[in-house]
Amino acid sequence: LKIICTVTNDLTYDQRMIRICTTLAQAGYEVILLGRQQKKSQPIQQQLFLQKRLTCFFQKGKWFYIEYNIRLFCYLLFQKVEVLYAVDLDTILPCFLVAKWRRKVIVYDAHEYFTQTPELVNRKLVQSIWKWIERFTVLKIPYCITVGDGLAQLFEHQYQKRFTVLRNMPFRTEVNSSTLKHQPPVLLYQGALNAGRGLEEMIAAMPYLLEVELWIAGEGDLSSLLRQKVADLNLSQQVKFLGYITPENLKKLTPKVTIGLNLLENKGLSYYYSLANKVFDYVQAGVPCINMDFPEYRYLNTKYEVALLIPDLEITTLVNAVNELLQQPTYYQMLQQNCYLAAQYWHWEQEQKELIELFQRIKTENFLTL
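Residues numbered from 1 in each chain as written. Predicted model: local features only at pLDDT ≥ 70, side-chain atom pairs only at ≥ 80, totals over all residues. Heavy atoms only, no water.

J.: For the overall build of the protein, give the residues involved together with the corresponding values.
T.: Helices and strands together make up the secondary structure of the protein, namely 15 helices and 13 strands. The C-alpha atoms of the protein give 21 Å as radius of gyration, which agrees with the globular expectation for 370 residues (21 Å, within 12%). Each of the three principal axes of the protein carries a C-alpha extent, and together these read 60 × 40 × 40 Å. When each of the 370 residues of the protein is scored for burial, the buried share is 56%. Residue pairs in contact within the protein that sit at least 24 positions apart in sequence constitute 68% of those at least 6 positions apart. Charged side chains of the protein number 40 positive and 35 negative; the gap between the two group centres comes to 8 Å. (Helix = DSSP H or I, 4+ residues; strand = E, 2+ residues; numbered from the N terminus. Rg over C-alpha atoms; globule rule 2.2 N^0.38 Å. Buried < 20%, exposed > 50% of the residue type's maximum accessible area, 1.4 Å probe, protein only. Contact = heavy atoms within 4.5 Å. Lys, Arg positive; Asp, Glu negative; His and termini not counted. Charge placed at Lys NZ, Arg CZ, Asp CG, Glu CD.)

Structure below.
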């Protein structure tokens, strides 16, 4: 059984899809993960599955999406494949058209509430186009996945169909609780440097946290703006941009930091109902984190209190939260111990069972055999 998974990134840092494709390959499926070539793309790392990048002339904006979708459609049209696995709305249309034309099975994996992302919420015309694509495709796709219970409930109500929940958890790792922490204390943000991630606010709070460093791992639309802000505030010794870091190196780095950050501005339902993989990465590393008091994170904290939840991104709120964790060692240690406990259950080896079960159902219902 051959599966082609489609994304719009360059593959190297897409930890969720690397895990998904690894699980499917280990289950005996032939898997190709298909992304795009960027100017600064790193060489593809060998995995248990095949990887391919499509080269585009345009690198961002509407022309990129148009070009990439055309190239993706042309590529898929002539591939031997049984299942097309479309990740998010920006790859769904070519997958859907090819699947219908060639009578193939299609799976839709919504990593976010695409039409409610901050980039689209205030751009009504662009948002309406993506909503049309969503209605045109998702209603007719029998197998759907998303990243958390909150989004699953929203989508199930909207489309009157089941969405399998596949939380974005890392592989289980054994963390040495005696790992030495970097001094001075470090706040770590990992992920895309995009709007609504609380990065500008956290940088603005750093002058009030002089004995603390902020490490930012990743790049994105705000990369230049954030670097300029750091320079303007004369924080270059306190705020460090690490750029892109491979998942393997990030796994080694995270246990050494003091606090993980998952800060989101409530700019749309996508962020409000998010369940970020970085939270589970922090947990696996034994690192308490500061999270927004949004539904998914509130629910996690009722199971194992691993995070300090905050209501907003005001500078005083951020400064007080960091100081609370740093100045109350008993509270910090309690959160850290809860991370070690939660790490025994919040990992990919447990979560992947949902994925394996879904593809067993796909095989059965579509008479597909290896």
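J.: I'd like a description of the packing of aromatic side chains, backed by residues and values.
T.: In this structure the tally under the stated criterion is 19 aromatic pairs. Considering the side-chain rings of Tyr272 and Phe294, the 5.1 Å spacing of their centres and the 55° angle between planes classify their relative orientation as tilted. Here the residue Tyr272 occupies a position in helix α10 (residues 269–272), and Phe294 occupies one in the loop between β12 (289–292) and α12 (295–303), the gap between them amounting to 22 residues. We classify Tyr272 as partly exposed; its relative accessible area is 23%. These aromatic residues form a ring-pair network of at least three members: Phe64, Tyr65, Tyr68, Phe114 and Trp130. (Phe/Tyr/Trp six-rings, centres within 6.5 Å; stacked < 30°, edge-to-face > 60°.)

J.: If you had to explain the pattern of salt bridges to someone new, which residues and values would you point to?
T.: Any two side chains of opposite charge can pair if their charged atoms end up close together. Enumeration according to the criterion identifies nine salt bridges in this entry. Note that Arg71 and Glu67 form a salt bridge whose closest N and O atoms lie 2.9 Å from each other. Separated by four residues within a single helix, Arg71 and Glu67 lie in helix α2 (residues 61–77), roughly one turn from each other. Residue Arg71 is classed as partly exposed on the basis of its relative accessible area of 39%. One salt bridge in this structure joins Lys80 and Glu82, with 3.7 Å as the shortest N-O distance. (Salt bridge = Lys/Arg side-chain N within 4 Å of Asp/Glu carboxyl O.)

J.: A description of the layout of surface pockets should follow, citing residues and the corresponding values.
T.: Roughly 550 Å³ of internal volume is contained in the second largest pocket. Taken together, 31 residues form the lining of the second largest pocket, with Gln15, Phe171, Pro247, Glu248 and Lys251 sitting closest to its centre. Contributions of two or more residues to the lining of the second largest pocket are made by α1 (15–26), β3 (50–55), α9 (247–253) and α11 (277–284). Across the lining of the second largest pocket, the residue classes break down as 11 nonpolar, 13 polar and seven charged. (1 Å grid on protein atoms, 1.4 Å probe; cavity = no way out; pocket = protein on both sides within 12 Å on 5 of 7 lines; lining within 4 Å. Points joined across faces, edges and corners; volume = space filled by probe spheres on them. Nonpolar A, V, L, I, M, F, W, Y, C, P; charged D, E, K, R; others polar.)

J.: Which residues make up the nonpolar core, and what are the values?
T.: Core analysis: the largest hydrophobic core is formed by 61 residues, its most contacted members being Leu187, Met202, Met206, Leu214, Leu263 and Ile290. One finds Leu89, Ile92, Cys95 and Val138 within the second-largest nonpolar core, a separate group that totals 38 residues. (Core = buried A, V, L, I, M, F, W, Y, C linked by side-chain atoms within 4.5 Å.)

Function cannot be read off these values alone, since they describe shape.
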